[in-house]
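Here are the chains, one letter per residue:
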Amino acid sequence: MTQKPADLSNWRTAPHNRWSFTHVGDLIPTAAIAHGPAQALPPGEALDLSQVKFGEGSLASFLENASTDGFIALHKGRVVAERYLNMESVSRHILFSVSKSVTGTLAGVLVADGTLDPDAPVITYLPEVKASAYGDCTVRHVLDMTVDLSFVENYLDTQGDFARYRVATGWNPPNPAFGGEGLHEFLATVKPAHSRHGEVFYYVSPNSDLLGWILERAAGQPFASLMSQRLWQPLGAESDAFVTVDAKGAVRTAGGINTTLRDLARFGELMRNGGRANGREIIPASWIEDIRHGGSRQAWARGTMSALFPNGSYRSKWYKANDADGSFYAIGIHGQWIYLNPAAEVTAVKFSSQPDPVNDTLDLQTAQAFAAVAQAVR
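Since the model is a prediction, treat every value here as computed from it, not as a measurement. (Residues numbered from 1 in each chain as written. Predicted model: local features only at pLDDT ≥ 70, side-chain atom pairs only at ≥ 80, totals over all residues. Heavy atoms only, no water.)

## As for the overall build of the protein
For the protein, the helix and strand inventory stands at 12 helices and 15 strands. Against the 2.2 N^0.38 benchmark of 21 Å for 378 residues, the protein shows a C-alpha radius of gyration of 19 Å, consistent with a compact globule. On the principal axes, the C-alpha backbone points of the protein span a range of 55 × 50 × 40 Å. Going through the 378 residues of the protein one by one, you find that 59% of them count as buried. Taking contacts inside the protein between residues at least 6 apart in sequence as the whole, the part at least 24 apart equals 68%. Carbon and sulfur atoms make up 49% of the accessible area of the protein, which amounts to about 14800 Å² in all. Taken together, the 32 basic and 38 acidic charged side chains of the protein have centroids lying 3 Å from each other. (Helix = DSSP H or I, 4+ residues; strand = E, 2+ residues; numbered from the N terminus. Rg over C-alpha atoms; globule rule 2.2 N^0.38 Å. Buried < 20%, exposed > 50% of the residue type's maximum accessible area, 1.4 Å probe, protein only. Contact = heavy atoms within 4.5 Å. Areas by Shrake-Rupley, 256 points an atom, 1.4 Å probe, with all protein chains shown as cover. Lys, Arg positive; Asp, Glu negative; His and termini not counted. Charge placed at Lys NZ, Arg CZ, Asp CG, Glu CD.)

Structure (structure tokens):
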């Protein structure tokens, strides 16, 4: 039997991640998100990335130097640039925290049909977490990352709560020191920080795993089939997606969704077009308008990520620059991005295997690179 190039102990570290980010299903149990009939992505006027000036070189050289695995850009719904540097067109790449934005979008579908109330207390759906930090917050607090809790998002932690969380999700090898709890059991133990919900943007992944659990409970349906029926099939995805699950079957909606590059571009284009694809409204336009124009700038400014978008805000798992073009983003660690620019009619996606989970300098450069694409097609 051929030895795999990575395992649970090293799959998120370089150089192993260059293989593992497109082979997650070989390492972690998953649930399939079935696609239906595919909607074509038509070609547009090709954009030569080697001729787009960026920094001291070109956009093409930036992508090559930024651990890019795949990149695609659409203008007015047509593919103008598509590159595969460390994956194939059929490869399904892990989204990491772009998964949060997908999950937040699916929440909007359930809100529109009355299945989910964003202003309801979390314990309306999940009484199991009553004794945790989630016991007195609302679904809206979860959606907007304004839950007051003591958990620290430390990707390099090996002994504390974040390491325990990763073991519970099935993303790290079992650790006897943490017991055999699953993700849902872990979420029920997250402690408050003894401040107030709703005042500070505080980014932690357990919120978004909790959201996936809320959606399942509200809809009475497993997340994978819910996403397939309400989002993945209607938008015209051409390949099945999948999501990682823990040893007890709980889905990792904070970071475990995996898709092809083109299918994530289809999802981004759906968002840019106000929730419409294939002649029908899939995501309520009102939910996307709320993402684009809602969210507290004050809460964002009180958080720790304001350097990325100094005038930014965050709504329903999406980042907003609040710039002149109305740009908004989905962002994941190790360099996963969706960029949406309504004014320039641009959708772009970048898959990456950056060595570090977070690189603030590279994040700023990537946001500027997307803006360069928008400028090039105007």
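Still more to cover.
## A closer look at the side chain of Asp-144
Here Asp-144 is to be found in the loop between helix H4 (139-143) and helix H5 (161-169). Accessibility expressed as a relative area gives 8% for Asp-144, which makes it buried. From its side chain, Asp-144 meets the backbone nitrogen of Ser-316 in a polar contact 2.9 Å long. Beyond its immediate chain neighbours, meaning those up to four positions away, Asp-144 contacts Phe-201, Tyr-314, Arg-315 and Ser-316. (Polar contact = N/O pair within 3.5 Å; in protein donor to acceptor, adjacent residues only side chain to side chain.)

## Comments concerning the packing of aromatic side chains
Taken as a whole, this structure holds 25 aromatic pairs when the rule is applied. Where Trp-11 meets Phe-96, the ring centres are 6.2 Å apart and the plane angle is 15°; that geometry is what we call stacked. Residue Trp-11 is found in the segment before helix H1 (17-20), and its partner Phe-96 is found in the loop between strand E6 (93-94) and helix H3 (98-112); the two are separated by 85 residues along the sequence. Of the two residues, Trp-11 and Phe-96, neither departs from the other in class, the shared state being buried. Relative to Phe-370, the ring of Phe-71 lies with its centre 6.3 Å away and its plane at 20°, an arrangement referred to as stacked. Of the two residues, Phe-71 sits in strand E4 (residues 68-75) while Phe-370 sits in helix H12 (residues 360-377), which places them 299 residues apart along the sequence. (Phe/Tyr/Trp six-rings, centres within 6.5 Å; stacked < 30°, edge-to-face > 60°.)

## Some remarks on helix H7 (residues 206-219)
Between its first and last C-alpha atoms H7 spans 20 Å; for 14 residues at 1.5 Å apiece the expected length is 20 Å, and the two agree. Along H7, 12 of the 14 residues are buried, which leaves the element largely enclosed by surrounding structure. Along H7, the residues that are buried comprise Pro-206, Asn-207, Ser-208, Asp-209, Leu-210, Leu-211, Gly-212, Trp-213, Ile-214, Leu-215, Glu-216 and Ala-218. Considering only its buried residues, H7 is in contact with H3, H4, H5, helix H6 (183-187) and helix H8 (223-232). (Expected span 1.5 Å × (residues − 1).)

Everything listed here is a matter of geometry and, on its own, says nothing about what the molecule does.
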